[in-house]
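# Chains, contacts and geometry: an overview
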Amino acid sequence: MRAEQADQDIFEALLRRTITQSVIEDLDHAIPGVTVLAALLQHDAWQARKEQLSPQTLQVMASAQRLLGNQAARRRET
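Calculation notes
- Residues numbered from 1 in each chain as written.
- Predicted model: local features only at pLDDT ≥ 70, side-chain atom pairs only at ≥ 80, totals over all residues.
- Heavy atoms only, no water.
- Helix = DSSP H or I, 4+ residues; strand = E, 2+ residues; numbered from the N terminus.
- Buried < 20%, exposed > 50% of the residue type's maximum accessible area, 1.4 Å probe, protein only.
- Core = buried A, V, L, I, M, F, W, Y, C linked by side-chain atoms within 4.5 Å.
- Contact = heavy atoms within 4.5 Å.
- Polar contact = N/O pair within 3.5 Å; in protein donor to acceptor, adjacent residues only side chain to side chain.
- Salt bridge = Lys/Arg side-chain N within 4 Å of Asp/Glu carboxyl O.

## Remarks on the environment of leucine 15
- With respect to the helices, strands and loops of the structure, leucine 15 is situated in helix H1 (residues 2–29).
- Judged by its relative accessible area of 22%, leucine 15 is partly exposed.

What follows is the structure in structure tokens.
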């Protein structure tokens, strides 16, 4: 049981890091796929809740969605 939890913790840490790096890269480099990434995150967040991932992971996903949504809105205004 402890090994399974350790594996889950490692998985979620890598997932959070990957999401964070992807969002930073999109925001820093003004990559046009922001809305695509936001849509993927929305689906992934739904799956994460279904799989009962940690609140920390869900928060990272929610923050990423907000940031990407704000960025997409700014791009539509210009």
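Structure shown, so let's carry the discussion forward.
## A word on the nonpolar core
- With 12 residues, the main nonpolar core is built from Ile19, Val23, Leu37, Ala38, Leu41, Ala45, Ala48, Leu53, Val60, Met61, Ala64 and Leu68.
- Elements represented by at least two residues in this core include exactly H1, helix H2 (34–50) and helix H3 (55–77).
- Per-element accounting of this core gives the leading share, five residues, to H2.

## Considering the side chain of arginine 16
- Topologically, arginine 16 is positioned in helix H1.
- By relative accessible area, which is 16% here, arginine 16 ends up buried.
- Setting aside residues no more than four positions away along its own chain, arginine 16 makes contact with Ser54, Gln56, Thr57 and Val60.

## Quick look at the side chain of threonine 57
- Mapped onto the secondary structure, threonine 57 falls in helix H3.
- Look at threonine 57 and you get buried, because its relative accessible area is 0%.
- Within the structure, threonine 57 has its side chain in polar contact with the side chain of glutamate 12 (distance 2.5 Å).
- The contacts of threonine 57, once residues within four sequence positions are left out, are Glu12, Leu15 and Arg16.

## Observations concerning the pattern of salt bridges
- Taken as a whole and assessed by the stated rule, the structure comprises one salt bridge.
- One salt bridge in this structure joins glutamate 12 and arginine 16, with 3.8 Å as the shortest N-O distance. Placement of both glutamate 12 and arginine 16 in helix H1 is noted, with a separation of four residues, approximately one turn of the helix. Assigned by exposure class, glutamate 12 and arginine 16 land together as buried.

## Observations concerning unusual backbone geometry
- For glutamine 52, which is not glycine, the phi dihedral falls at a positive 60°.
- Taking the relative accessible area as the measure of exposure, glutamine 52 reaches 68% and is therefore exposed.

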